[in-house]
Amino acid sequence: LSNKAKEMGAKTKFSATESGQAMEYMAMAGWKSKDMLSGIEGIMNLAAASGEDLATTSDIVTDALTGFGLSAKDSTHFADVLAQASSNANTNVSMMGETFKYVAPVAGALGFSAEDTSVAIGLMANSGIKASQAGTSLRSMMSRMSAPTKQVSAAMEKVGVSITDSHGKMKSLDTIMGDLRKGFSGLSKAEQSQVASAIAGQEGMSGLLAIVNASDADFNKLKDSIYNCDGASAKMAETMQDNLQGQLTIAKSAAEALGLEVYESIQKPLTNLAKQGISALDQLTEAFKKDGTTGLIEAGSGLVANLVTGIAQAAPQAVSGAIAIIGALAGSFSKATPQLVGAAGNIVTALAQGLTAVLPTIGQLGMQLITQIGNSITQSAPTLVPKAIELLAQFALGLISALPQLITVGIQMITSLAQGLINSIPLLISYVPQIINSFCAAIDTGLLQLIAA
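Residues numbered from 1 in each chain as written. Predicted model: local features only at pLDDT ≥ 70, side-chain atom pairs only at ≥ 80, totals over all residues. Heavy atoms only, no water.

1. Side note on the overall build of the chain
Here is step 1: Within the chain, the regular secondary structure consists of 14 helices and zero strands.
Here is step 2: A globule of 453 residues ought to have a C-alpha radius of gyration of about 22 Å, yet the chain, at 46 Å, is considerably larger.
Here is step 3: Principal-axis analysis of the C-alpha atoms gives the chain an extent of 145 × 100 × 50 Å.
Here is step 4: Across the 453 residues that make up the chain, the buried fraction comes to 29%.
Here is step 5: Considering only intrachain contacts with a sequence separation of at least 6, the fraction spanning at least 24 residues in the chain is 68%.
Here is step 6: Of the roughly 27900 Å² that the chain leaves accessible, carbon and sulfur atoms contribute 63%.
Here is step 7: Treating the 28 positive side-chain charges of the chain as one cloud and the 35 negative ones as another, the clouds have centres 6 Å apart. (Helix = DSSP H or I, 4+ residues; strand = E, 2+ residues; numbered from the N terminus. Rg over C-alpha atoms; globule rule 2.2 N^0.38 Å. Buried < 20%, exposed > 50% of the residue type's maximum accessible area, 1.4 Å probe, protein only. Contact = heavy atoms within 4.5 Å. Areas by Shrake-Rupley, 256 points an atom, 1.4 Å probe, with all protein chains shown as cover. Lys, Arg positive; Asp, Glu negative; His and termini not counted. Charge placed at Lys NZ, Arg CZ, Asp CG, Glu CD.)

2. What about the pattern of salt bridges?
Here is step 1: Applying the stated rule across the entire model yields six salt bridges.
Here is step 2: In this structure, Lys73 and Asp74 form a salt bridge, with 3.6 Å as the shortest nitrogen-oxygen distance.
Here is step 3: Among the residues examined, Lys73 registers a relative accessible area of 69% and is labelled exposed.
Here is step 4: Across the salt bridge formed by Arg181 and Asp216, the nearest N and O atoms sit 2.7 Å from each other. (Salt bridge = Lys/Arg side-chain N within 4 Å of Asp/Glu carboxyl O.)

3. Focus: the nonpolar core
Here is step 1: Judged by nonpolar contacts, the single largest core of 78 residues is most densely connected at Phe100, Phe184 and Ile199.
Here is step 2: With 11 residues, helix α11 (residues 189–213) is the single largest residue contributor to this core.
Here is step 3: Excluding residues within four positions of it along the chain, Ile199 makes contact with Arg144, Met145, Val152, Ala155, Met156, Val159, Leu180, Phe184 and Leu208. (Core = buried A, V, L, I, M, F, W, Y, C linked by side-chain atoms within 4.5 Å.)

4. What to know about the side chain of Lys223
Here is step 1: Topologically, Lys223 is positioned in helix α12 (residues 216–227).
Here is step 2: Apart from the residues lying within four places of it in its own chain, the contact partners of Lys223 are Val119 and Asp174.

5. Quick look at a nonpolar patch on the surface
Here is step 1: On the surface, a nonpolar cluster with roughly 610 Å² of combined accessible area is contributed by Phe395, Leu399, Leu403, Leu406, Ile407 and Ile411.
Here is step 2: If you trace the backbone, Leu406 turns up in helix α14 (residues 244–452). (Patch = residues over 30% accessible without salt bridge, like charges linked within 9 Å, V, L, I, M, F, W, Y side chains within 5 Å.)

6. Comments concerning the packing of helix α3 (residues 33–50) against helix α4 (residues 54–67)
Packed helices, taken two at a time, are described by the angle their axes make and the gap between the axes.
Here is step 1: In the contact formed by α3 and α4, the axes pass within 9 Å of each other and the chain directions differ by 120°. Here α4 runs oblique to α3, going by the angle between their axes. The handedness of the crossing between α3 and α4 is right-handed. On α4, the residues that touch Ile43, Met44, Leu46 and Ala47 of α3 are Leu54, Thr57, Ser58 and Val61.
Here is step 2: Residue composition of the contact of α3 with α4, by class: six nonpolar, two polar and no charged. (Axes fitted to C-alpha atoms, helices over the stretch in contact; angles between N-to-C directions. Parallel < 35°, antiparallel > 145°, perpendicular 65-115°, else oblique. Left-handed = near helix turned anticlockwise from the far one by under 90°. Nonpolar A, V, L, I, M, F, W, Y, C, P; charged D, E, K, R; others polar.)

7. Concerning the environment of Val119
Here is step 1: Within the secondary structure layout, Val119 lies in helix α7 (residues 114–126).
Here is step 2: For the pair Val119 and Ala200, spaced 81 residues apart in the sequence, the C-alpha separation amounts to 18 Å.
Here is step 3: Sequence-distant contacts of Val119, defined by excluding residues within four places in its chain, comprise Met177, Phe219, Leu222, Lys223 and Ile226.

8. A few points about the packing of aromatic side chains
Here is step 1: Scanning all chains against the criterion turns up three aromatic pairs.
Here is step 2: Between Phe68 and Phe78, the aromatic rings sit 6.3 Å apart at their centres with planes inclined by 55°, giving tilted as the arrangement. Here Phe78 lies in helix α5 (residues 75–88) and Phe68 lies in the loop between α4 and α5, a separation of 10 residues in the sequence. There is no split in this pair, since Phe68 and Phe78 are both buried.
Here is step 3: Ring geometry for Phe78 versus Phe100: centroids 5.7 Å apart, planes at 50°, classification tilted. (Phe/Tyr/Trp six-rings, centres within 6.5 Å; stacked < 30°, edge-to-face > 60°.)

9. Quick look at unusual backbone geometry
Here is step 1: One non-glycine residue, Ala131, adopts positive backbone phi at about 55°.
Here is step 2: By the element assignment, Ala131 lies in helix α8 (residues 131–146).

10. A look at the packing of α5 against helix α6 (residues 93–110)
Here is step 1: Across the interface, α5 lies against α6 with an axial gap of 9 Å and an inter-helix angle of 115°. Along this stretch, α5 crosses α6, giving a crossing that reads as right-handed. Here Phe78, Leu82, Ala85 and Ser86 of α5 lie close against α6, whose contacting residues are Val93, Met96 and Phe100.
Here is step 2: Of the residues in the contact of α5 with α6, the class split is six nonpolar, one polar and no charged.

Structure, rendered in structure tokens:
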């Protein structure tokens, strides 16, 4: 079961966790392991096709199968029935599941098939009678016709309907619905309401009228689609998942499958490590109880020593593993080099072709841009040139007016710099002998070390 859940998680939109939850409902319904293995895929297809929650879909299918007296081997076909009924009538799998809660045990006890019951449910849904309302309506109609009172018998006789044949054998629900549709077709609207109320009761009369008043085209279309339903849920699931959102959901499930495989590969050593950690904490606790802080320190030292010893013992194996990983990576890259080079070549070629294709366009755009700039300058020149000359003239006038002041400031700056240099020359000269003496002393002291070096 674990392997099957992981397989479903890797290849469908549902994760391995969700697959396991669906199996829980199968187990509660009394399914054995082999039943779950064969039945899970059909249920998953139905959930994917309908957009319903997987666990809920599993609950619906298992409960309804039990109600109809069917077994786990029928789950895929039953999923196809639900998928086809929900896609060809104004209902969905969740609402049909609610209907089956009420009617499946009664229909199963009377020997009515899931297909014919689904046709009746679909016809009622097209008239707005759905979910629990459809269930109570259909249950009332079936139970009253199977154990008729005098009033019910009289109404059934009026429209020429019997639920058993001449040999006392129960007719199929399809045959009964056909007889009802034929019998009601000759009644007025008022008579139809009276007979429907008598046969199905106040709870069931609206459902019965929906069945008998559906057009032949709608009746036959729904019936044919349900009778030819095999494979419907798988096709619908594939269609529902054939988009970006569907593929991303499948990718998420596949990632969980990878995570499970990685987790299971390290689960045992991590479990052992956790056990050792618990044991170490117990030792530290006992040591502290016995000898206080001194005992705690001694016990801790022993644990550290054991840890270091363990690391030393594991080091060769860890190094070997690392070398194997590096070797595998190198080998993989080596094998993939031609493919990588080819891909790089394709990328470069595609870029070159793309540039070659767009260069003429870029050149044309550039020429247009230059032409427009030139035209703009040409058009603006009569205005720009006088403004530029005026700007230069103003600058020249400003410079001329400020020139005497600038020259005076410049002369003062040069004079100050010269005077500063003249004043500093004696001080600089006095430092020269000191610099020479220090340099010679350093050479004299370090000469032997310099030669040795």
